[in-house]
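Structural features, examined
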2 protein chains.
Amino acid sequence: MKTTVDILKEARMTKACAAGLSTETKNALLNAMADSLIDCSDRILSENKADLEAAKGKITEVMLDRLALSEKRLNDMADAIREVAVHPDPVGRILSETERPNGLRIQKISVAIGVVAIIYESRPNVTADAAALLLKSGNVCVLRPGKEAWRSAKAIVDALRDAAKKQNLPETLFNITEDTTRKSAQELMGAVGYVDLLIPRGGAGLIAACVEDAKVPCIETGTGICHLYIDRAADFEKALSIIENAKTSRPSVCNAAEVCLIDRPIAKSFLPLLQKRLLSGKHPVELRLDTEAAGIIDGTPAGENDFDTEFLDYILAVRIIDGVKEATEHIARHSTGHSESIITEDPLAAEYFLKNVDSAAVYHNVSTRFTDGGEFGLGCEMGISTQKLHARGPMGLEALCSYKYLIRGNGQIR
Amino acid sequence: MKTTVDILKEARMTKACAAGLSTETKNALLNAMADSLIDCSDRILSENKADLEAAKGKITEVMLDRLALSEKRLNDMADAIREVAVHPDPVGRILSETERPNGLRIQKISVAIGVVAIIYESRPNVTADAAALLLKSGNVCVLRPGKEAWRSAKAIVDALRDAAKKQNLPETLFNITEDTTRKSAQELMGAVGYVDLLIPRGGAGLIAACVEDAKVPCIETGTGICHLYIDRAADFEKALSIIENAKTSRPSVCNAAEVCLIDRPIAKSFLPLLQKRLLSGKHPVELRLDTEAAGIIDGTPAGENDFDTEFLDYILAVRIIDGVKEATEHIARHSTGHSESIITEDPLAAEYFLKNVDSAAVYHNVSTRFTDGGEFGLGCEMGISTQKLHARGPMGLEALCSYKYLIRGNGQIR
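1. Quick notes on the packing of helix H6 (residues 124–136) of chain B against helix H7 (residues 150–166) of chain B
Each pair of packed helices can be described by the angle between their axes along with the distance between the axes. Residues and elements named next belong to chain B. At a minimum axis distance of 8 Å, the contact between H6 and H7 shows a crossing angle of 30°. Taken together, H6 and H7 sit at an angle that is classed as roughly parallel. Considering the relative orientation of H6 and H7, their crossing is right-handed. Taking contact as the criterion, the partners of Pro124, Thr127, Ala128 and Ala131 in H6 are, on H7, Ser152, Ala153, Ile156, Val157 and Leu160. Looking at the contact of H6 with H7, its residues break down into seven nonpolar, two polar and no charged.

Shown next, in the form of structure tokens:
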């Protein structure tokens, strides 16, 4: 078995090659990677079957579904890679250009970051997406999937490496750790000098472990306690359809709403409508109500942690507050900084909310479910950053780049 | 004594206020801060005198000089603050704007980061510069100066707080830790949820401690093992004056050159000229020569670590290599990623070097001493980042901002 350190050494050796690849070479390789996934589908599907059998009974049904591959899902993965090929090259863009009084010409240009490690869980498409996005942005990837998805991920990486070999490019553009224990994750977190950026994609536990232990630069992703604030000047029909959509269209994802704040003057008229709407759907939503809301409609009394929990389920915490200012204060205390939306026809309340809520995506009269690279027009994404350093919100190709300054002169001294 | 945690709590409470200040309010406060430094000069200078007396014999002469204040230096500090007032507001810039096919209008706008902690050493002007830059970028500062500079820093912060009070703004825009032991630095590094960004400014030891221990997002600054590569097609006169400038104009700063790589075909003709130039100056430079260079001119034989040392002194390591490719390889192995320069009249060699050297600032026919916020036209700077995440090279006001997305719609659901 190759150690994680050996793999990191190979990755580091490949940095200069990856950073210098031309757009044409990268796009040709991306298309070859998509083809290779299809060519290798038998092996990938059979390894995936082995993963699924080993995982049965050990992980939830939802996780098993995330892990499962099919011809259709493989085709979707290949298509996603082909889309990355179509996207403009994020490397080598001139971000600014200036000539100084002393004649120095200073260019700021985008460059690759280097070796980017991803720690993730069970979705095999993350393997292909991450490899494609990191190649296009001139980076070398080191992938560390969850144990239960390792065979599938390895088969996918082997297919991608085949494509690289056929294009006479180093296989070590794509790397996967062989150790699937906690040790390899810890090694990546501590790999100062090898890993230029670590992106953990997963639950709150993984993110917390990275915050605690990572010595390499890290981007936190994905925890979303998203709020909807229904202002006194809300259009009720808009509000109801946005709440229903944000809560029930896909409750397991990070941009789903978890908390609904209702402005006091409309609470008595709006809450019964909300209850009716959320109970009438295919999946009835459990409402966790603060004391005041519980005095108006029936529901579960909200517990101590219900306003600080990412339910990822058909559950919505409901609290009555007094106006947009109190709404932003509640959000400042309880939000994870992912996505929040105000529903109102009052432009002043909307602008107050947009200005004062400090989250990656702040919406007016829109469902929080739109926080997504594709919906933002960024192409596919590498996760949604909930931190403020480097990248915030959906991370597309540009967020996977750094920059450097090029300074041309003719003998200037200082 | 206020604990560091108490100070952090106050800072966090001030975040929303700082982030929302108008440009006019910030500029008025900045000018008042400059005035207040002058008004309080007696107290600041007497506290500085106390610092100097306590430090005598415990720190080097160079450090004592860095610590010392005078009327002149105080005036310079005040002027630097007034310059920050003149600079455009970095907060609220529209970074991109797009309308999606479904009618969503998406704006990406710059916002403050939040609470920014700075751990630094003995230069009192860092106190004023950091406070001014962080105020202008909508952030709240928590300053943690070196023990030997604490009285001066405290007197400066008191003067800045006076200015805030007079403008009816919270004093807690500006914060200084009261504990000057290692404990307060460790507390800042671990203050998850309080400190949004930590910037260590200081020697390699401080940076290493932050990499090792910091749990909050961190930007590494300042260590510079900067290289000059003298190509076979170099103009010798340009090369000599650039080497002399980069090495001797201010050897104690991070953009000073530490290593000179000489292309083999010109080694025999160039080295004697280099030796003559560097020995004839006011401060003769000690040359640490690799074996091959030592066969051509006299000097100290280079030791094992001489190509991996930030001398910050009148010492230059010299190595003979073979061509621009080998130069970039040497730099990839030994550089801290700060600043490197190629001296050549060959445009192909220059472009190869500019493309392949992965450092914050890469120069052609220019002294590395220009890596500086002022020289780059960024105004004053918060240090020079040697990492790739978020900010690289000189960090001006824009590097002290994050961004968020504002999305306006009319009921869109997904």
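There's more to say after this.
2. Focus: the side chain of Thr221(B)
Residue and element names in this part refer to chain B. Inspection of the secondary structure assignment puts threonine 221 in the loop between helix H9 (204–213) and strand E7 (226–230). Threonine 221 gets classed as buried once you look at its relative accessible area, which sits at 3%. A polar side-chain atom of threonine 221 sits 2.7 Å from the main-chain carbonyl oxygen of proline 200. If we ignore the near neighbours within four places in the chain, the residues touching threonine 221 are Ile199, Pro200, Arg201, Gly202, Ile207, Ile384, Ser385, Thr386 and Met395.

3. A word on the sheet that holds strand E1 (residues 94–99) of chain B
Reading across the sheet, the 10 strands line up as E10(A)-E9(A)-E11(A)-E8(A)-E7(A)-E12(A)-E13(A)-E16(B)-E2(B)-E1(B) and stay open at both edges, with mixed pairing between neighbours. On the outer flanks of this sheet lie strand E10 (300–301) of chain A together with E1 of chain B, each paired with one strand and no other. Here strand E9 (residues 286–289) of chain A runs beside E10(A); their pairing, made up of two bridges, is parallel. Following the sheet pairing, Leu289(A) is matched in E10(A) by Pro301(A). Where helix H11 (residues 264–279) of chain A meets the sheet, its contacts fall on strand E7 (226–230), strand E8 (257–263), E9 and strand E11 (315–321) of chain A, and the angle it forms with E8(A) comes to roughly 140°.

4. Focus: the interface of chain B and chain A
Taken residue by residue, the interface counts 65 residues in chain B and 65 residues in chain A. Buried area between chain B and chain A, both sides added, is near 5600 Å², and the carbon and sulfur share of it is 51%. Interface area lost by chain B to chain A is led by Leu389(B), Tyr405(B) and Arg414(B), which between them contribute 14%. Across the chain B-chain A interface, the total number found is eight salt bridges.

5. Structural notes on the relation of the copies chain B and chain A
At an RMSD of 0.0 Å, chain B and chain A line up after a rotation of 180° and a shift of 0.0 Å along the axis. The transformation relating the two chain copies, once decomposed into turn and shift, fits a two-fold axis. By C-alpha distance to the rotation axis, the residue of chain B lying nearest is His390(B), at 1.8 Å. A high fraction, 100%, of the interface residues of chain B reappear at the interface in chain A, so the copies pair face to face through one surface.

6. Some details on the pattern of salt bridges
Considering all chains together, one arrives at 61 salt bridges over all chains under this definition. We note a salt bridge from Glu351(A) to Arg408(B), for which the minimum N-O separation is 2.8 Å. Remark: Arg408(B) occurs in strand E16 (residues 401–412) and Glu351(A) occurs in helix H14 (residues 347–356); the pair is interchain, linking two chains. Judged by relative accessible area, Glu351(A) falls into the partly exposed class, the value being 38%. A salt bridge links Lys388(B) to Asp358(B), with the nearest nitrogen and oxygen atoms 2.6 Å apart. Of this pair, Lys388(B) sits in the loop between strand E14 (384–385) and strand E15 (393–394) while Asp358(B) sits in the loop between helix H14 (347–356) and strand E13 (361–366); the two residues are 30 residues apart in sequence, bridging distant segments of the chain.

7. Focus on the confidence of the model for chain A
Confidence in the prediction of chain A, expressed as mean pLDDT, is 95, and 100% of residues score 70 or more. This prediction of the complex comes with two scores: 0.93 for pTM and 0.94 for ipTM.

8. Thoughts on helix H1 (residues 4–20) of chain A
Residues and elements named next belong to chain A. Counted at 1.5 Å a residue, the expected span for H1 with its 17 residues is 24 Å, and the 25 Å between its end C-alpha atoms agrees. The axis of H1 is deflected most strongly, by about 40°, at threonine 14. Taken together, the buried positions of H1 are Thr4, Ile7, Leu8, Ala11, Thr14, Lys15 and Ala18. Contacts made by the buried residues of H1 are with strand E3 (115–119), strand E4 (140–144), strand E5 (174–176) and helix H8 (182–189).

9. A word on empty space enclosed by the protein
For the structure shown, the criterion picks out one cavity of 30 Å³ or more. Lining the largest cavity are 21 residues, with Val216(A), Pro217(A), Cys218(A), Val216(B) and Pro217(B) sitting closest to its centre. With three residues, the single largest contributor to the lining of the largest cavity is H9(B). A per-class count over the lining of the largest cavity returns 15 nonpolar, two polar and four charged.

10. Remarks on the pairing of strand E8 (residues 257–263) of chain B
Residue and element names in this part refer to chain B. When you tally the buried positions in E8, you get seven out of seven residues, the bulk of the element. Each parallel crossover has a hand, and the one from E7 via helix H10 (residues 236–248) to E8 is right-handed. Bridge analysis of E8 against strand E11 (residues 315–321) gives five bridges, and the strand direction is parallel. Across the sheet, residue valine 259 finds its bridge partner in E11, namely alanine 317.

11. Some details on the sheet that holds E5(A)
All names here are of chain A. One open sheet accounts for four strands, arranged E5-E4-E3-E6; its pairing is parallel. The sheet terminates laterally at E5 and strand E6 (197–200), the two strands that pair on one side only. Strand after strand, the sheet turns through a mean of 20° between neighbouring axes, direction not considered. Relative to E5, E4 is paired through three bridges, and the arrangement is parallel. Residue leucine 143 lies in a different strand from E5, and its bridge partner there is isoleucine 176. Helix H6 (residues 124–136) contacts E3, E4 and E5 of the sheet and is inclined by roughly 160° relative to E4.

Reading the values: the criteria
- The residue numbering used here restarts from 1 in each chain and proceeds along that chain's sequence as written.
- All chains are assigned letters beginning with A, and all ligands numbers beginning with 1, in the order in which they are written.
- Selection of residues for local features in this predicted model requires a pLDDT of at least 70, selection of side-chain atom pairs for listing and counting requires 80 or more, and totals for whole chains, interfaces and linings are taken over all residues.
- To get the side-chain values, all heavy atoms of the structure are used, and hydrogens and water are removed first.
- Angles run from 0 to 180 degrees between N-to-C directions of axes, and those axes are lines fitted to C-alpha atoms, restricted for helices to the stretch in contact.
- Per the convention used, a helix needs a DSSP run of H or I reaching at least four residues, while a strand needs a run of E reaching at least two, with both numbered from the N terminus.
- Oblique is the label for any angle not covered by the other classes, which are roughly parallel (under 35 degrees), roughly antiparallel (over 145) and roughly perpendicular (65 to 115).
- If you view the pair so one helix is near and one far, a crossing is left-handed when the near helix is turned anticlockwise from the far one by less than a right angle, and right-handed when it is turned clockwise.
- We call two residues contacting when some pair of their heavy atoms lies within 4.5 Å.
- In this classification, the charged set is Asp, Glu, Lys and Arg, the nonpolar set is Ala, Val, Leu, Ile, Met, Phe, Trp, Tyr, Cys and Pro, and all remaining amino acids, among them Gly, are polar.
- A simple rule labels every residue: compare its accessible area, found with a 1.4 Å probe on the protein chains alone, to the largest value its type can have, and call it buried under 20%, exposed over 50%, or partly exposed in between.
- Pairing of N or O atoms within 3.5 Å defines a polar contact, subject to two protein rules: one partner must be a possible hydrogen donor and the other a possible acceptor, and residues neighboring in sequence count only if both atoms are side-chain atoms.
- Should DSSP find at least two bridges between two strands, the strands are regarded as paired.
- When two parts are brought into contact, each loses some accessible area as probed by a 1.4 Å sphere; the total of that loss over both is the buried area.
- A pair is scored as a salt bridge if a Lys or Arg side-chain nitrogen falls within 4 Å of a carboxyl oxygen belonging to Asp or Glu.
- To superpose the copies, least squares is applied to the C-alpha atoms of every residue with a pLDDT of at least 70 in both.
- Every residue carries a pLDDT, the predictor's confidence in it, which falls somewhere between 0 and 100.
- Helix span, as expected, comes to 1.5 Å for every residue beyond the first.
- Each residue is assigned a bend, namely the angle between axes fitted to the seven residues that terminate at it and the seven residues that start at it.
- Think of a 1 Å grid over just the protein atoms. A cavity is a set of points where a 1.4 Å probe fits yet cannot get out, a pocket is an open set with protein on both sides within 12 Å along at least five of seven lines, and lining residues have an atom within 4 Å of a point.
- Grid points are joined across faces, edges and corners, and a volume is the space filled by probe spheres set on the points.
- Orient the strands so they point away from the viewer; a crossover is then right-handed if the path from the first strand over the helix to the second runs clockwise.

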